[in-house]
Amino acid sequence: MPNFRMLLSYDGARYQGWQRQGNTKNTIQGKLEETLSRILETPVELHGSGRTDAGAHALGQTASFRAETDLPPQAILRALRRYLPEDIGVLALEYAPPRFHARLSAVGKTYRYRVWNSERPNVLERRYLYTVPAALDLGAMERAAADLLGTHDFRSFCANPRLKKSSVRTIQALDIRRLGDEVRFTVTGDGFLYNMVRIVVGTLLEVGLRRREAGCIPEILAARSRAAAGETAPARGLCLMEVYYP
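Cut-off values and rules
Residues numbered from 1 in each chain as written. Predicted model: local features only at pLDDT ≥ 70, side-chain atom pairs only at ≥ 80, totals over all residues. Heavy atoms only, no water. Helix = DSSP H or I, 4+ residues; strand = E, 2+ residues; numbered from the N terminus. Expected span 1.5 Å × (residues − 1). Buried < 20%, exposed > 50% of the residue type's maximum accessible area, 1.4 Å probe, protein only. Arc of directions from axis to C-beta. Contact = heavy atoms within 4.5 Å. Axes fitted to C-alpha atoms, helices over the stretch in contact; angles between N-to-C directions. Parallel < 35°, antiparallel > 145°, perpendicular 65-115°, else oblique. Left-handed = near helix turned anticlockwise from the far one by under 90°. Nonpolar A, V, L, I, M, F, W, Y, C, P; charged D, E, K, R; others polar.

Asker: Go over helix 4 (residues 196–208), please, and point to the residues and values.
Answerer: Here helix 4 contains 13 residues, and its C-alpha end-to-end distance of 18 Å stays within 8% of the 18 Å for a straight helix at 1.5 Å per residue. Buried residues dominate helix 4, accounting for 13 of its 13 residues.

Asker: Report on the side chain of Thr 35, specifying residues and quantitative values.
Answerer: Assignment of secondary structure puts Thr 35 in helix 1 (residues 28–40). For Thr 35, a relative accessible area of 5% translates into the label buried.

Asker: Tell me about helix 3 (residues 138–146), and name the residues and values.
Answerer: Within the sequence span of helix 3, burial applies to Leu 138, Ala 140, Met 141, Ala 144 and Ala 145. Along helix 3, the residues classed as buried sweep out an arc of 160 degrees about the axis, all on the same side. Close packing links the buried residues of helix 3 with strand 8 (168–179), strand 9 (182–189), helix 4 and helix 5 (217–223).

Asker: How would you summarise the packing of helix 3 against helix 4 if you had to cite specific residues and measurements?
Answerer: Between helix 3 and helix 4, whose axes approach to 8 Å, the crossing angle comes to 135 degrees. Here helix 3 lies oblique to helix 4, going by the angle between them. Crossing of helix 3 against helix 4: the hand is right-handed. Where helix 3 abuts helix 4, its residues Ala 140, Met 141, Ala 144 and Ala 145 lie against Leu 204, Leu 205, Val 207 and Gly 208. Considered class by class, the residues forming the contact of helix 3 with helix 4 number seven nonpolar, one polar and no charged.

Structure, rendered in structure tokens:
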């Protein structure tokens, strides 16, 4: 049975996240599976590289699926672009090696979080930005971010209290950059826990607002408790930029 690899982007504003759910059809995975199953005239189960939250976006999500079909990737791609809603776009579709799996084969991801740091409203991009009108101390946030680099137990930055698996992850890069009135957080790691990026950003924003000291991160990590970290930044500012494979 052929194995396919898909690269896609989506505006997650009106969806209940990536993962298919029993109580709603309004998910990215659900829409894609429904459309693929109709095109290929057979049930299709799609695997994403990870589960983006309700309201979060993607520019470079990867997914994979197997299907018994004679249709070549380009024909499937044309049909997907014809039938999918405008806020879900398939950028590429190709055959994948038999053992390729979008989630299990992934070795890293990059996320970007966008903050609008101004009292002036940004109407046209409001669905993709978290507005923080008060002044932010970028130097303090950068000093705090440095303590998050490397391999740590990130349980304090996980919103799943029943997590059974290891909460050890490696953050390879965490860049904070001001572009006019926008502050961008770009983080790359080998994997991320539930809400981890949003909690990291929320904690760094508290540092930037001088509600926490720049040296607070080691103590937060050592606590291994969600209560020790900052607030979870809203999903609308988050975008999955790229997924890496060997």
